[in-house]
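Tertiary structure, described
Single-letter residue listing:
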Amino acid sequence: MVENSYKSNHGNKAIEQLVTMFNYYKKKGYIKEYKYPFTTGYKNKNNKQFYFQFMIVLSNDEKWIVHSTTSIRSDRINIQQWNSGHIKMIMNDISLAIIVFPDDISDKERDIAERYYQKISQGKIFSSIDHIVSLNGLSLMIEKKHLEGMSVGQQNCFKGNNFEKQLVEILNNESNLTKFKTASKVETGFNYPYFLYIMNFLSINSTSSIKSIEATNDIPLLPSRGKAKTDILLTIELENNIKKTYTFSCKRTSKDWVSVHEYPVIKFIEV
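A brief structural summary. Everything numeric here is computed off the predicted structure, so don't read it as measured data. (Residues numbered from 1 in each chain as written. Predicted model: local features only at pLDDT ≥ 70, side-chain atom pairs only at ≥ 80, totals over all residues. Heavy atoms only, no water.)

1. Here's the deal with the sheet that holds strand β8 (residues 210–216)
Ordered in space as β8-β9-β10, the three strands form an open sheet in which the pairing is antiparallel. A strand with exactly one partner marks an edge of an open sheet, and here the two such strands are β8 and β10 (243–248). The sheet shows a mean angle of 15° between the axes of neighbouring strands, taken without regard to direction. Examined bridge by bridge, strand β9 (residues 232–238) and β10 share six bridges and lie antiparallel to one another. (Pairing = 2+ DSSP bridges. Helix = DSSP H or I, 4+ residues; strand = E, 2+ residues; numbered from the N terminus. Axes fitted to C-alpha atoms, helices over the stretch in contact; angles between N-to-C directions.)

Now the structure itself:
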């Protein structure tokens, strides 16, 4: 009973984070709408026979069906194979069926998921499921689709701005903070590996008496009216009312090297 309760709660938390991401991308215009839960059926039959957790409509009107799972098992995924196959036959405008697993999934479960997807991508099995990806992987797929048709310069600018805003969402996500403070195995977090990496880099440990974390990319202009080099301001408040602030400059690139401004240390301090 305890094990079943854990699995159910863990699964529900994973779905919650998909809802968080879809709401964020709807606000950003990456997707037009999403339906949850999503059901359909054949004409003159039960119109709720086939179920997938989500159906999303992208900014270009393309439609994907998305289902979250915390464990890739043949008996479980065969249900999604069945449902997605019939949904695609009923709705011929569904272009992709995607299975999503949490970013914090165990190495064992991730290996199982990747091996199953290899069978799909290499054509070793018949599959109505097109992709099996992490939550972050799905996020990148949605962003890539939204950027189609833009110039390289526009894409790079868009990616950079989105990277800042997404990091703010990650740092402000309550599930991430709860998971970090309690080592909860139920909480899945929103892109939690990024959150954990930043906390570790700042030498903030989970035993710290963290009261709240607040991040923003709304940085005021300099006295000269120019833009500050800081992209994100992070404030961590501890239980003893001590506040610590950190600033981040963000770069998002696939290149091995990036350029930075070179000034004497004293100039950076003055800024």
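Resuming the write-up.
2. Details of helix α2 (residues 74–90)
In this model, α2 (17 residues) spans 24 Å end to end at C-alpha, consistent with the 24 Å of a helix rising 1.5 Å per residue. Looking at the buried positions of α2, the neighbouring elements they touch are β2 (38–40), β3 (50–52), β5 (63–68), β6 (94–101), α3 (107–121) and β7 (131–134). (Expected span 1.5 Å × (residues − 1). Contact = heavy atoms within 4.5 Å.)

3. Thoughts on the packing of aromatic side chains
By the definition in use, this model includes 10 aromatic pairs. A ring pair is formed by Tyr192 and Phe195, whose centres lie 6.1 Å apart and whose planes are at 25°; its orientation type is stacked. With Tyr192 and Phe195 both in helix α7 (residues 192–201), this residue pair falls three residues apart, about one helical turn. Taking the relative accessible area as the measure of exposure, Tyr192 reaches 9% and is therefore buried. Ring-pair connections join several aromatic residues into one group, and the members of that group are Phe22, Tyr34, Tyr36 and Phe54. Its guanidinium or amino end placed over the ring of Tyr192, Lys179 lies 5.5 Å from that ring's centre, counting from NZ or CZ. (Phe/Tyr/Trp six-rings, centres within 6.5 Å; stacked < 30°, edge-to-face > 60°. Buried < 20%, exposed > 50% of the residue type's maximum accessible area, 1.4 Å probe, protein only. Lys NZ or Arg CZ within 6 Å of the ring centre and 35° of its normal.)

4. Regarding α7
Among the residues of α7, Tyr192, Phe195, Ile198 and Met199 are the ones counted as buried. Along the axis of α7, the buried residues cluster in a sector spanning 125°; they form a single face. Among the exposed residues of α7, those oriented more than 90 degrees off its buried face are Tyr197 and Phe201. The secondary structure elements touched by the buried residues of α7 are α5 (152–172), α6 (174–182), β8, β9 and β10. One or two steps after α7, the chain reaches Ser203, where phi turns positive at roughly 60°. (Arc of directions from axis to C-beta.)

5. Here we look at the pattern of salt bridges
Working definition: two side chains of opposite charge can pair if their charged atoms are close together. All told, the structure shown has 11 salt bridges when counted by the stated rule. As a salt-bridge pair, Asp61 and Lys32 come within 2.7 Å of each other at their nearest N and O atoms. In this pair, Asp61 sits in the loop between β4 (54–58) and β5 while Lys32 sits in strand β1 (residues 31–35), placing the two residues 29 residues apart along the sequence. When its relative accessible area of 48% is taken as the criterion, Asp61 is described as partly exposed. When the shortest N-O distance is used, the salt bridge between Lys211 and Glu237 registers 3.9 Å. In this pair, Lys211 sits in strand β8 while Glu237 sits in strand β9, placing the two residues 26 residues apart along the sequence. Exposure remark for Lys211: the relative accessible area of 45% places this residue in the partly exposed category. With a relative accessible area of 17%, Glu237 lands in the buried category. One salt-bridge network, held together by shared partners, links Lys13, Glu16 and Glu187. (Salt bridge = Lys/Arg side-chain N within 4 Å of Asp/Glu carboxyl O.)

6. Concerning unusual backbone geometry
With omega at -5°, the peptide bond leading from Tyr36 into Pro37 counts as cis. Take Pro37: it is sitting in the loop between β1 and β2. For Ala183, which is not glycine, the phi torsion reads 55° and is therefore positive. As for its position among the elements, Ala183 is in the loop between α6 and α7. Phi at Asn241 is positive, roughly 70°, even though this residue is not glycine. By secondary structure assignment, the location of Asn241 is in the loop between β9 and β10.

7. Some remarks on the nonpolar core
Most often, soluble globular proteins have nonpolar side chains that are buried together. Phe22, Leu138, Ile142, Met199 and Leu234 are the most contacted members of the largest nonpolar core, which totals 44 residues. Looking at this core element by element, the count peaks at six residues for helix α1 (residues 2–28). Excluding residues that lie within four positions of it along the chain, Phe22 makes contacts with Ile31, Tyr34, Phe54, Ile56, Val66, Leu138 and Ile142. (Core = buried A, V, L, I, M, F, W, Y, C linked by side-chain atoms within 4.5 Å.)

8. Thoughts on the sheet that holds β7
Think of a sheet as strands paired side by side through backbone hydrogen bonds, with each pair either parallel or antiparallel. An order of β1-β4-β5-β6-β7 is seen for the five strands of this open sheet, with the pairing classed as mixed. Bordering the open sheet on either side are β1 and β7, each of which pairs with just one other strand. When strand polarity is set aside, the average angle formed by the axes of neighbouring strands in this sheet is 30°. Note: β4 against β5, four bridges, orientation antiparallel.

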